[in-house]
Amino acid sequence: MKTSIGSSGIILSWVILIGGIILFISVAPFALLLATMPFWKPDEVSFLSMLFTAIPVSISILIFWTIKSAYKSIKNQRNQSMDLHEETFGKVNDTAPAGKATGDNKPIWPWFILIPSILLLVSTGPGVIMLPIMPLFLAGMSTDSGQAPAYVPMLIIMIGYGLLAGFSILLYKAVRALVRGKQ
């Protein structure tokens with residue numbers, strides 16, 4: 001009996017697939033450039049250059065492997081769902097109305113939250129670690145001018161953490177709505 005990875009696993013597989021492709025596009029040229037360096041700059045090859053070459057090449061291989069695994073997972077889930085559909089309903093009925101959905105309906109609004117969040121996460125990279133302390137940093141920077149009123153740092157902190165809390169709650173609800181399939 002085949003097992004299903006579920007809708008949250010499919011979402012994670014898609015995130016890994018898309019994020020991996022974006023990351024692979026940014027890392028692969030650098031890894032290729034470093035891997036071919038002994039041919040076009042043989043006088044600069046050393047132990048450290050080989051070490052610094054091995055790191056991005058191995059990262060590229062690992063990213064390619066995760067992309068391949070995520071694609072295989074999505075493909076297997078699709079095949080399993082098609083087999084289950086055929087077992088349950090027989091052959092696909094071509095006389096179904098064009099506007100009717102045959103499967104379970106998933107809401108669309110979570111994708112308007114998830115896609116910008118994923119793009120922000122990928123574009124920010126390791127800088128996402130600073131996100132929780134960003135309001136504190138901005139409040140500290142506002143006091144450097146010396147002309148800001150005393151309430152400005154507290155206002156920046158309250159608004160910053162309010163926006164972070166609101167966005168976190170909205171992101172949680174979006175993921176939960178996609179997993180459950182309810183609006």
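Residues numbered from 1 in each chain as written. Predicted model: local features only at pLDDT ≥ 70, side-chain atom pairs only at ≥ 80, totals over all residues. Heavy atoms only, no water.

### Some thoughts on the packing of helix H5 (residues 134–142) against helix H6 (residues 152–180)
- Taken N-terminus to C-terminus, the directions of H5 and H6 make an angle of 160°; their axes are 8 Å apart at the nearest point. If you check the angle between H5 and H6, you find them roughly antiparallel. For the pair H5 and H6, the sense of crossing is right-handed. Across from Pro-135, Leu-136, Leu-138, Ala-139 and Ser-142 in H5, the residues of H6 making contact are Val-152, Pro-153, Ile-156, Ile-157, Gly-160, Tyr-161 and Leu-164. (Axes fitted to C-alpha atoms, helices over the stretch in contact; angles between N-to-C directions. Helix = DSSP H or I, 4+ residues; strand = E, 2+ residues; numbered from the N terminus. Parallel < 35°, antiparallel > 145°, perpendicular 65-115°, else oblique. Left-handed = near helix turned anticlockwise from the far one by under 90°. Contact = heavy atoms within 4.5 Å.)

### Some words on H5
- Along H5, the residues classified as buried are Pro-135, Ala-139 and Ser-142. Each buried residue of H5 lies within a common arc of 60° when the element is viewed along its axis, so the set occupies one face.
- Tucked inside the fold, the buried residues of H5 contact H6. (Buried < 20%, exposed > 50% of the residue type's maximum accessible area, 1.4 Å probe, protein only. Arc of directions from axis to C-beta.)

### Here we look at the pattern of salt bridges
- Enumeration over the complete set of coordinates arrives at one salt bridge.
- For the salt bridge of Glu-44 with Lys-41, the shortest nitrogen-to-oxygen distance reads 3.6 Å. (Salt bridge = Lys/Arg side-chain N within 4 Å of Asp/Glu carboxyl O.)

### Considerations on helix H4 (residues 111–124)
- If you check H4, its first and last C-alpha atoms are 19 Å apart, about what 14 residues at 1.5 Å a residue would give, namely 20 Å.
- Looking only at H4, the buried set comprises Ile-113, Leu-114 and Ser-117. Angular distribution of buried residues about the axis of H4 spans 90°; they occupy a single face of the element. For H4, the exposed residues set more than 90 degrees away from the buried face come down to Phe-112 and Ser-123.
- If you follow the buried residues of H4, they end up packed against H6.
- Where H4 ends, the next residue or the one after it, Gly-125, has phi of about 65°, a positive value. (Expected span 1.5 Å × (residues − 1).)

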